[in-house]
Amino acid sequence: MKIFVKHTLLFTNRSLLNTIRNPFAFIPNMVISLFFLFVYQAGLSGIAELPAFGGASYLAFILPVAIVSGAIGGAGGAGQSLITDLENGYFSRLLLTPASRLAIVLGPIIAGMLQLLAQTILILLIGFLMGLKVVTGFGGVVVVLLLAVGWGLAFAGYSVGFALRTKNAQAAQAGTFIFFPLLFLSTTFVPYDLIEAGWLKVAALINPTTYVFEGMRAVMIDGWGESDIWKAFIVIVLFCIATISFAAVSARQAVSRG
């Protein structure tokens, strides 16, 4: 176990260094997330006066969209990092070492998660500068960070798994960005009760992104007594199990093919 942890930390550190050396791999994603925050707050904040909002701040309502969109975009970095290793032959050389195959896969996944943590902290800081209020205080901020990190971990697992399956940078990127429609088939701009189209209500109900949005909004707007918080964590845990398992199976298949 100690060797496995050591190998995982080693590959995580390598992935983080690669990210730092190539900041333009994540800066555009950060800019897009902040763009969502500024534009939606500026253009749609007036609808917070509707009774369904109950006087809640639209900034607190829309901020999870910026965080989750960052998670989806940032998760692609984990897969792209692995694609680079596959294309230059480094991944094949790693398979010749005694390093754990799971550690090789977990390194980029954890690095992507830590990148998202830093990104989410920055988004929250900018949100506070814009006047964001979190009714649950510091504890609520911690919950938002945990939800963001968990969601990013799940998407990083999918990104790595898809990269191992396709071994193609363009295909891996397309496989990640296919999840962006989930942002808009959800309670992205208005509460569930204000969604008019029946098909969109159904899509939002079965969309896991909805529960992440509602969990973050609950701690920022409503308080600790909301069941949406636990629903969000349950959805994220299930999603993490599914995607990291997908990445592990893809890694085993990549090894057997190699």
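Whatever comes next refers back to the structure up there.
Residues numbered from 1 in each chain as written. Predicted model: local features only at pLDDT ≥ 70, side-chain atom pairs only at ≥ 80, totals over all residues. Heavy atoms only, no water.

Draft legend 1. View of the environment of glycine 157. Checked against the element boundaries, glycine 157 lands in helix 6 (residues 137–166). Residues glycine 157 and serine 245, 88 residues apart in the sequence, show an inter-C-alpha distance of 8.0 Å. In this view, glycine 157 contacts Ile109, Thr243, Phe246 and Ala247; residues no more than four positions away in its chain are not counted. (Helix = DSSP H or I, 4+ residues; strand = E, 2+ residues; numbered from the N terminus. Contact = heavy atoms within 4.5 Å.)

Draft legend 2. Summary view of the layout of surface pockets. Taken as a whole, the second largest pocket holds about 400 Å³ of empty space. As for the second largest pocket, its lining consists of 18 residues, of which Pro191, Tyr192, Glu214, Asp222 and Asp228 are closest to the centre. Mapped onto the lining of the second largest pocket, the elements with two or more residues apiece are helix 9 (198–206), helix 10 (208–222) and helix 11 (228–257). It is helix 10 that provides the largest number of residues to the lining of the second largest pocket, a total of seven residues. (1 Å grid on protein atoms, 1.4 Å probe; cavity = no way out; pocket = protein on both sides within 12 Å on 5 of 7 lines; lining within 4 Å. Points joined across faces, edges and corners; volume = space filled by probe spheres on them.)

Draft legend 3. Structural context of the pattern of salt bridges. According to the stated counting rule, one finds one salt bridge in the structure shown. We note a salt bridge from glutamate 214 to arginine 217, for which the minimum N-O separation is 3.0 Å. Here arginine 217 and glutamate 214 lie together in helix 10, a separation of three residues that amounts to about one turn. (Salt bridge = Lys/Arg side-chain N within 4 Å of Asp/Glu carboxyl O.)

Draft legend 4. Representation of the packing of aromatic side chains within the structure. Tallied over the entire structure, the rule returns eight aromatic pairs. Aromatic pair tryptophan 151 and phenylalanine 239: ring centres 5.0 Å apart, planes at 45 degrees, arrangement tilted. Within this pair, whereas tryptophan 151 is found in helix 6, its partner phenylalanine 239 is found in helix 11, the two being separated by 88 residues in sequence. Since its relative accessible area comes to 1%, tryptophan 151 is described here as buried. Seen from their ring centres, tyrosine 158 and phenylalanine 246 are 6.0 Å apart, and the 20 degrees between their planes marks the pair as stacked. Of the two residues, tyrosine 158 sits in helix 6 while phenylalanine 246 sits in helix 11, which places them 88 residues apart along the sequence. A residue is classified by how much of its surface remains accessible, and tyrosine 158, at 15% relative accessible area, is buried. Given the relative accessible area of 25%, phenylalanine 246 is considered partly exposed. Linked through ring pairs, Phe36, Tyr40, Phe184 and Phe189 together constitute an aromatic cluster. (Phe/Tyr/Trp six-rings, centres within 6.5 Å; stacked < 30°, edge-to-face > 60°. Buried < 20%, exposed > 50% of the residue type's maximum accessible area, 1.4 Å probe, protein only.)

Draft legend 5. The arrangement of the environment of glycine 150 in detail. Mapped onto the elements of the fold, glycine 150 is located in helix 6. When its relative accessible area of 12% is taken as the criterion, glycine 150 is described as buried. Here glycine 150 is in contact with Ile236 and Cys240, once residues within four sequence places are set aside.

Draft legend 6. Summary view of the nonpolar core. Judged by nonpolar contacts, the single largest core of 65 residues is most densely connected at Trp151, Met216 and Met220. For this core, the secondary structure elements donating two or more residues are helix 2 (27–44), helix 3 (58–87), helix 4 (90–95), helix 5 (101–129), helix 6, helix 10 and helix 11. A per-element tally of this core places helix 6 first, with 15 residues. Contact partners of tryptophan 151, with chain neighbours within four places excluded, come to Val68, Ala71, Pro208, Thr209, Val212, Val235, Ile236 and Phe239. (Core = buried A, V, L, I, M, F, W, Y, C linked by side-chain atoms within 4.5 Å.)

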